[in-house]
Amino acid sequence: MARDSQAALVALNRFGFGARGGASGDLINAASDPRGFVKAELARPNGVLLEAPGLQSTPQLGQAVFAYQDQVKQAREAAKESAKAAAPAETPPQVPADQKPALRRNLSLNTAATEIAGQMADAKPADTPAKPETMQPNMATPPAAKPAPQPLNVIQKTFRAEALARLQRATLVECGFTERLVVFWSNHFCISASKGELARIWAGAFEREAVRPHVLGRFADMLKAAEQHPAMLFFLDNQQSLGPDSRAGQNRKRGLNENLAREIMELHTLGVGGGYTQEDVTSLARIITGWTFAGRQGQLGTPGAFVFNTNAHQPGPQMLLGKTYEPTGLAQGEAALADIARHPSTANFIATKFVRHFVADDPPPALVARLRDVFVRTDGDLKALATALVDSDEAWKAPLTKMRSPYDFLVASGRLLARVPEDPGAYLNNLNLLGQPLWSPAGPNGFPDTSAAWAAPEGMKLRLDIAAQMGARLGNNIDPLDLLEFAAADAASIETRRTVERAESRQQALALLLMSPEMQRR
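Residues numbered from 1 in each chain as written. Predicted model: local features only at pLDDT ≥ 70, side-chain atom pairs only at ≥ 80, totals over all residues. Heavy atoms only, no water.

Draft legend 1. Focus on the overall build of the protein. Regarding its fold elements, the protein presents 26 helices and 4 strands. Looking at the 522 residues of the protein, the share that counts as buried comes to 48%. Across the protein, contacts joining residues at least 24 apart in sequence account for 73% of those joining residues at least 6 apart. For the protein, the exposed area adds up to about 25700 Å²; of that, 54% sits on carbon and sulfur atoms. (Helix = DSSP H or I, 4+ residues; strand = E, 2+ residues; numbered from the N terminus. Buried < 20%, exposed > 50% of the residue type's maximum accessible area, 1.4 Å probe, protein only. Contact = heavy atoms within 4.5 Å. Areas by Shrake-Rupley, 256 points an atom, 1.4 Å probe, with all protein chains shown as cover.)

See the structure below:
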């Protein structure tokens, strides 16, 4: 079979994280059968799961946070008691503000001068500029010693361990299609680690437990897993939502929190204009009251685990999208989610977003319609949806014009340079710098998925700075022209090849290669 380097570039860049450097042979392997190369990962569903030493379950991590918070509280109380014990028994008499203390006797010359200077400073207006002599080198105050770095707490350690496991997986996989699917669905059902300590320690576990097991499964199952996960409940405050007529609602004089219900309908399923009303949002909020997680005392169950709190659940039947759901407790909400997952608007919303992510900012209508039909016909089979995307001609013919997100760019660079991360610090810092902090979007709609969001001049300048740093650090030991062969071979443009060849140094050539369309576009 003839090898097609251009199709191989599409296979690796559009569907994956780009070719790996070294002896991987990714581009050659993809060129022989581009579609088969991409779909091979779909035949290995267990390969999507992520298990690594030290990664714990959500309840275990919740208990670790509760224990850590208790330790911090105890340490603060102990410090307060120590400070109180060390305080003088009597407060020295205060000098009236209009009286200056007299100079004490028998002081050294330096001490007396210091006290005089202090009194003069008190009399000087606050905005008096400093005299020039205070800026002389021999008058400068020596720099204070840098404080020793504090050891990482359990939340920071866990976040970094989860990040490292994810980055290593993305760097090592052959094509990366299933990892790209994980990133897509994790951003679709996003939480934000910046919400608080529980969200930060749970961010990686949420992806491992609610997203990865269902990436090649059914959408309805992923929807249920995501909405019932403690990280999502915490992120969108559902643990604070009480049915107004529930026992807890009447006792505490509190009511509904509609955050989770609104985002389920607007961002996770039906989409804006999907045929629901504000009354539907309120009704769904009533239906999912009682969906919470057990707290540190474990009164409702294992601390940190999902629980259904009957006392917080709004009693009675509820009308949602024209259908009445009988008061069956937890099952009432699960039935509502199952129906929303099968709603025609959900199929259209998911198909559109899926095509926008992988193919073009303006999704081809015919491809959207085809994927929508697959979603409906297969009852939301996400493996069938991904397969239909790879089988479509539009996905292979559309030009590679979408800008890689910062995460995609950094992972693609690490793959090409054959650098398996051993510490996530550099990646996390660069993601922060480029505006895509890991698992921390600014809102519940996730990170943007269009080229315009990532192609702004300031963002490109920051990418160039990072590429230049990589070039300076690694360029001496790498031939950028060899890397270009790994990345694109004869699918590389003439302009890119000439730019790399004419660079003034290997360091500059590597930086320019990392900024080329072959590395920035997908």
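Picking up after the structure, the text goes on.
Draft legend 2. Summary view of the pattern of salt bridges. The final tally for this structure, using the stated rule, is 26 salt bridges. A salt bridge links D221 to R218, with the shortest nitrogen-to-oxygen separation between them at 3.0 Å. A relative accessible area of 33% means that D221 is categorised as partly exposed. On the basis of relative accessible area, R218 is assigned to the partly exposed category, the value being 26%. The residue R262 makes a salt bridge to E258 at a minimum N-O spacing of 3.1 Å. Within the structure, one salt-bridge network assembled from shared partners comprises R166, R169, E179, E207 and R212. (Salt bridge = Lys/Arg side-chain N within 4 Å of Asp/Glu carboxyl O.)

Draft legend 3. Structural view of helix 17 (residues 382-391). Residues L382, L385, A386, A388, L389 and V390 constitute the buried set of helix 17. If you follow the buried residues of helix 17, they end up packed against helix 3 (34-39), helix 7 (177-188), helix 9 (219-227), helix 15 (344-358), helix 16 (365-377) and helix 18 (394-397).

Draft legend 4. Looking closely at the nonpolar core. In terms of nonpolar packing, the biggest core is built from 136 residues, with F15, F177, L181, W185, L284 and F354 touching the most fellow members. With 9 residues, helix 8 (residues 197-211) is the largest single contributor of residues to this core. Once residues within four sequence positions are removed from consideration, L181 is found in contact with L42, V215, L216, F354, F358 and A386. (Core = buried A, V, L, I, M, F, W, Y, C linked by side-chain atoms within 4.5 Å.)

Draft legend 5. Unusual backbone geometry, seen in detail. Positioned with a positive phi, D237 is a non-glycine residue whose angle comes to about 65°. With respect to the element layout, D237 can be found in the loop between helix 10 (230-235) and helix 11 (247-252). Backbone geometry at W439 places phi at a positive 55°, although glycine is not the residue there. Along the chain, the position of W439 falls in the loop between helix 20 (425-433) and helix 21 (451-454).

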